[in-house]
Amino acid sequence: MTIQRIYTTCLSLILISTLCYSQKRMSRQDYIDKYKDWAIKEMQNSGIPASITLAQGILESDCGNSELAVKANNHFGIKCHSDWKGESMRHDDDKDQECFRKYDNASESFHDHTYFLVTKSRYQDLFLLKSTDYKGWAKGLKAAGYATDPSYATRLIDIIEDMELYKYDYDIKNPSSKQNKETVQAPSVSAPKSPSVKNNGSFKFEINPLGKHETAYNNGVRYIRLRDGDTAERIAIEFHLLVSDLWKYNDLNGDEDLNTMRYIYLGTKHNRAHRDCPTHVVKSGDTLWSISQKYGIKLKKLARRNNLSEDEKLKVGTVLNLR
């Protein structure tokens, strides 16, 4: 064998070895070690148990080894749906060549998983569960139609218990891990402590000094605190929304002045208030719109539930049904 052939053979072996190493499959533990912090962060942001997020990621992405995870950074099998404006990838699932969401990185997939569950009305009741109730979440996801597999809930629970993922639901930085979803802590970019945000219409905010808006959830709907100089266009760009959607989410016509508002929702409000808020007693200055914003309820649903027109003047002391 000539020196040239020896050199070529050795180089080929090195390339093959490198390729094999780079394609090494992640195990369940590898996946957990790599993504547990992201799952905990999303739990702090929304109340979705970290154990559920991790178990779904493990199951849906085959521990990050699936074609969707590798080529599209899609760890949760989320399909495009009509509201998806981003890139996509075709992949065989229940049907041939279905449309799946494609992300720039895995972090976007984890965040979109949270946003997907929070903004879809069929998952609304899940946010009435505690973050430690992983069995309730698993069964609720299956009941709401997240997956067609009849054993989906059982498979999630088995993964959580086999890998002891439930321990991440008690992360000490997460207030919702030890109490009801009523209180949710928003993520903080630079401040050591995040602002507390209650899910019953009582808002507390903290301005992010880095310039970007901090998001939080009220009644399971994502919102931001408005600041001087905010415009619908700037907000839409920052959160990858259409301006028309921003108006629709907040029951606005589009000619209102944002400077007169305290906060604005970034997703569709729900049909009813949180279970801890069954009624509201009208106070001076209240309108149906302001009440719908306070509790994260669609204006049309609130009006219909109380047999009122959307612009009807309210009498102080009137008790409105929110559920």
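Conventions used here
Residues numbered from 1 in each chain as written. Predicted model: local features only at pLDDT ≥ 70, side-chain atom pairs only at ≥ 80, totals over all residues. Heavy atoms only, no water. Helix = DSSP H or I, 4+ residues; strand = E, 2+ residues; numbered from the N terminus. Contact = heavy atoms within 4.5 Å. Areas by Shrake-Rupley, 256 points an atom, 1.4 Å probe, with all protein chains shown as cover. Disulfide = S-S within 2.5 Å. Pairing = 2+ DSSP bridges. Axes fitted to C-alpha atoms, helices over the stretch in contact; angles between N-to-C directions. pLDDT = per-residue confidence, 0-100. Salt bridge = Lys/Arg side-chain N within 4 Å of Asp/Glu carboxyl O. Buried < 20%, exposed > 50% of the residue type's maximum accessible area, 1.4 Å probe, protein only. Core = buried A, V, L, I, M, F, W, Y, C linked by side-chain atoms within 4.5 Å. Phe/Tyr/Trp six-rings, centres within 6.5 Å; stacked < 30°, edge-to-face > 60°. Arc of directions from axis to C-beta.

Novice: Honestly, the overall build of the chain in this entry has me stumped. Any pointers?
Specialist: Looking only at helices and strands, one finds eleven helices and nine strands in the chain. Across the chain, contacts joining residues at least 24 apart in sequence account for 57% of those joining residues at least 6 apart. Entry remark: accessible area of the chain is about 17200 Å², with carbon and sulfur atoms responsible for 50%.

Novice: Mind showing me how you'd approach the environment of Gly 254 here?
Specialist: On the secondary structure map, Gly 254 appears in the loop between helix 9 (243-249) and strand 7 (263-265). C-alpha of Gly 254 to C-alpha of Ala 232: the two residues are 22 residues apart in sequence and 8.8 Å apart in space.

Novice: It is not clear to me how the state of the cysteines should be interpreted in this structure. Could you clarify?
Specialist: Put plainly, two cysteines are in a disulfide when a covalent bond ties their sulfur atoms together. Scanning all chains against the criterion turns up one disulfide. Across a sulfur-sulfur distance of 2.0 Å, Cys 80 and Cys 99 are joined as a disulfide pair. On the sign convention where negative means left-handed, the S-S torsion of about -65° between Cys 80 and Cys 99 marks this disulfide as left-handed. In this pair, Cys 80 sits in the loop between helix 4 (67-72) and strand 1 (88-91) while Cys 99 sits in strand 2 (residues 98-101), placing the two residues 19 residues apart along the sequence.

Novice: Can you help me understand the sheet that holds strand 6 (residues 221-225) in this one?
Specialist: Whether parallel or antiparallel, the strands of a sheet pair through hydrogen bonds between backbone atoms. Across the sheet, which stays open at both edges, the three strands sit in the order 5-6-7 with antiparallel pairing between neighbours. Only two strands of the sheet have a single partner each, and these edge strands are strand 5 (215-218) and strand 7. Ignoring strand direction, the axes of neighbouring strands in this sheet form an average angle of 40°. Both strand 5 and strand 6 contribute to a ladder of four bridges, which runs antiparallel. Among the inter-strand pairings, Thr 215 is bridged to a residue of strand 6, identified as Ile 224.

Novice: Please clarify how the confidence of the model for the chain should be interpreted in this entry.
Specialist: For any part of a model where pLDDT is low, the fine detail of the predicted coordinates should not be relied upon. Per-residue pLDDT for the chain has a mean of 79; in total, 80% of the residues score no lower than 70. Looking across the chain, the model is least confident in strand 3 (residues 183-185), with a mean pLDDT of 32, and most confident in helix 3 (residues 50-61), with 95. Here residues 14-22 is a poorly scored stretch, pLDDT under 50, and it has zero contacts once near neighbours within four places are set aside; other chains count. Of the regions scoring below 50 in pLDDT, residues 172-210 engages in 101 contacts with residues more than four places distant in sequence or in other chains.

Novice: What should I look at first to understand the pattern of salt bridges in this one?
Specialist: Side chains that differ in charge, positive against negative, can pair when their charged atoms come close. Scanning all chains against the criterion turns up nine salt bridges. One salt bridge connects Glu 98 with Lys 79, and the closest N-O pair in it is separated by 2.9 Å. In this pair, Glu 98 sits in strand 2 while Lys 79 sits in the loop between helix 4 and strand 1, placing the two residues 19 residues apart along the sequence. The exposure class of Glu 98 is buried, given its relative accessible area of 15%. Between Lys 135 and Glu 161 there is a salt bridge whose closest N-O contact spans 3.8 Å. Of the two residues, Lys 135 is situated in helix 6 (residues 134-143) and Glu 161 in helix 7 (residues 152-162); the sequence distance between them amounts to 26 residues. Glu 161 gets classed as partly exposed once you look at its relative accessible area, which sits at 34%.

Novice: Would you explain the nonpolar core in this entry?
Specialist: As a rule of thumb, nonpolar side chains are buried together in soluble globular proteins. In terms of nonpolar packing, the biggest core is built from 42 residues, with Ile 52, Leu 117, Tyr 123, Leu 141, Tyr 146 and Leu 165 touching the most fellow members. Mapped by element, the contributors of at least two residues to this core are helix 2 (28-46), helix 3, helix 5 (106-119), helix 6 and helix 7. When neighbours within four sequence positions are excluded, Tyr 123 is seen to be in contact with Phe 116, Leu 117, Leu 141, Ala 144, Gly 145 and Tyr 146. Formed by 15 residues, the second largest nonpolar core is a distinct cluster that contains Ala 232, Phe 239, Leu 246 and Leu 266.

Novice: How should I be thinking about the packing of aromatic side chains in this particular structure?
Specialist: Per the stated rule, a full pass over the model turns up 15 aromatic pairs. Ring centres of Phe 76 and Phe 110 lie 5.0 Å apart, and the angle between their planes is 80°; on these two criteria the pair is classed as edge-to-face. Placement of the pair is Phe 76 in the loop between helix 4 and strand 1 and Phe 110 in helix 5, with a sequence separation of 34 residues. Judged by centre distance (6.2 Å) and plane angle (65°), the rings of Tyr 223 and Tyr 263 are edge-to-face. Of the two residues, Tyr 223 sits in strand 6 while Tyr 263 sits in strand 7, which places them 40 residues apart along the sequence. Tyr 263 matches Tyr 223 in its accessibility class, with the two residues each being buried. Feature note: the residues Tyr 31, Tyr 35, Trp 38, Phe 76 and Phe 110 constitute an aromatic cluster, connected by ring pairs.

Novice: Sorry if this is basic, but what is going on with helix 6 here?
Specialist: Working note: α-helix, 3.6 residues per turn, so residues spaced by three or four point in the same direction. Buried within helix 6 are the following residues: Tyr 134, Trp 137, Ala 138, Gly 140 and Leu 141. The buried residues of helix 6 occupy one face: seen down the axis, they fall within an arc of 165°. Of the exposed residues in helix 6, the ones pointing more than 90 degrees away from its buried face are Lys 139 and Ala 143. Close packing links the buried residues of helix 6 with helix 3, helix 5 and helix 7. A positive backbone phi angle near 90° is found at Gly 145, which sits one or two residues after helix 6.

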